[in-house]
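Read off the chains here:
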Amino acid sequence: YDKVIKLLQEIIEISDRLTLKKALIAAHIKKEEYEIVDEVISDFESKMELENWLDLCLYTGTRLLIEKKDSLAKPYLNRILEKSIPEDHKFLLAQAHYYSEDYKESEILLEELVLKNPKNIEYNVLLAISYQKNGNKVRAEETLGALENLRANFQYGTVDYAFGQYYATIDDEDNVRK
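To keep things clear, this report deals only with the structure shown in the data block. All values derive from a computational prediction rather than experimental measurement.

### Points about the nonpolar core
For step 1, the next point in the chain: Counting residues in each nonpolar core, the largest one holds 53 residues, and the members touching the most others are I41, F44, L147 and Y166.
For step 2, the next point in the chain: At eight residues, the largest contribution of residues to this core is made by helix 8 (residues 121-133).

### Thoughts on the environment of L56
For step 1, the next point in the chain: The residue L56 is located in helix 4 (residues 50-66) in this model.
For step 2, the next point in the chain: Sequence-distant contacts of L56, that is, excluding residues within four places in its chain, are made with L18, K21, K22, I25, I41, F44 and M48.

### Examining the layout of surface pockets
For step 1, the next point in the chain: In this structure, the largest pocket spans a volume of roughly 790 Å³.
For step 2, the next point in the chain: What lines the largest pocket is a set of 25 residues, among which T62, I66, Y98, Y99 and Q165 lie closest to the centre.
For step 3, the next point in the chain: Residue assignment for the lining of the largest pocket shows that the elements contributing at least two residues are helix 4, helix 6 (90-99), helix 8 and helix 10 (158-169).
For step 4, the next point in the chain: Within the lining of the largest pocket, the residues separate by chemical class into 12 nonpolar, five polar and eight charged.
For step 5, the next point in the chain: When its volume is computed, the second largest pocket comes out at roughly 230 Å³.
For step 6, the next point in the chain: Lining the second largest pocket we find Q9, I12, E13, S15, D16, K21, L24, V40, D43, F44 and K47.

### Regarding the pattern of salt bridges
For step 1, the next point in the chain: Throughout the structure, instances matching the rule amount to 15 salt bridges.
For step 2, the next point in the chain: Here E67 makes a salt bridge to K30, at a shortest N to O gap of 2.9 Å. Of this pair, E67 sits in the loop between helix 4 and helix 5 (70-82) while K30 is found in helix 2 (residues 18-30), placing the two residues 37 residues apart along the sequence.
For step 3, the next point in the chain: For E112, the salt bridge goes to K90, with nearest N and O atoms at 3.5 Å. Taken together, the positions of E112 in helix 7 (residues 103-116) and K90 in helix 6 put the pair 22 residues apart, joining distant regions of the chain.
For step 4, the next point in the chain: On the accessibility criterion, E112 (31% relative accessible area) is partly exposed.
For step 5, the next point in the chain: Here K90 falls in the buried class, since its relative accessible area comes to 16%.
For step 6, the next point in the chain: Salt bridges sharing common partners tie together E87, K90, E112 and K116.

### As for the packing of helix 6 against helix 7
For step 1, the next point in the chain: Where helix 6 contacts helix 7, the axes come no closer than 8 Å and their chain directions differ by 155°. As summarised for this structure, helix 6 and helix 7 are arranged roughly antiparallel, according to the angle between their axes. Judged by the sense of rotation from one axis to the other, the crossing of helix 6 with helix 7 is left-handed. Two secondary-structure elements touch here, helix 6 through K90, F91, L93, A94, H97 and Y98 and helix 7 through Y103, E105, S106, L109, L110, E112 and L113.
For step 2, the next point in the chain: Among the residues making up the contact of helix 6 with helix 7, the classes are represented as eight nonpolar, two polar and three charged.

How each quantity is defined
- Residues numbered from 1 in each chain as written.
- Predicted model: local features only at pLDDT ≥ 70, side-chain atom pairs only at ≥ 80, totals over all residues.
- Heavy atoms only, no water.
- Core = buried A, V, L, I, M, F, W, Y, C linked by side-chain atoms within 4.5 Å.
- Buried < 20%, exposed > 50% of the residue type's maximum accessible area, 1.4 Å probe, protein only.
- Helix = DSSP H or I, 4+ residues; strand = E, 2+ residues; numbered from the N terminus.
- Contact = heavy atoms within 4.5 Å.
- 1 Å grid on protein atoms, 1.4 Å probe; cavity = no way out; pocket = protein on both sides within 12 Å on 5 of 7 lines; lining within 4 Å.
- Points joined across faces, edges and corners; volume = space filled by probe spheres on them.
- Nonpolar A, V, L, I, M, F, W, Y, C, P; charged D, E, K, R; others polar.
- Salt bridge = Lys/Arg side-chain N within 4 Å of Asp/Glu carboxyl O.
- Axes fitted to C-alpha atoms, helices over the stretch in contact; angles between N-to-C directions.
- Parallel < 35°, antiparallel > 145°, perpendicular 65-115°, else oblique.
- Left-handed = near helix turned anticlockwise from the far one by under 90°.

Here it is in structure tokens:
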């Protein structure tokens with residue numbers, strides 16, 4: 001990872017591409033250089049547009065959750081929750097609540113988002129999971145039905161992946177593989 005980090009640091013000096021910054025964060029996380037991750041995020045805050053910086057915080061938080069570093073992920077998710085989020089970036093806020101396991105708040109935000117864009121698969125699956133986590137199994141099933149109706153040509157497994165995500169989250173191993 002050292003060569004990758006060095007190369008990315010050089011490229012980031014001349015490019016402001018978010019994907020490169022995410023790759024740099026991922027490399028530092030893989031090397032377990034958590035203090036450096038925090039320094040990089042803090043440094044980028046003053047150099048990036050707010051929505052990109054918030055996206056980078058969400059990415060960092062979710063990468064740390066994947067690595068089972070929940071306590072390290074929380075501060076990055078909290079940075080999102082503490083900011084005033086523009087209306088057109090409300091999904092970032094919903095995701096921060098979702099990944100912070102504040103399913104009540106994620107449900108409220110995702111309901112608004114689904115009302116505005118009912119064909120968004122990602123909104124629907126996170127809403128279904130939020131319903132399930134909040135004990136509203138009927139609404140979760142209804143949302144899964146709506147998700148099923150979103151199948152279309154050339155989605156390349158997007159709906160199937162969403163169902164897998166739902167069933168994995170609720171620990172239904174039998175349905176994860178269907």
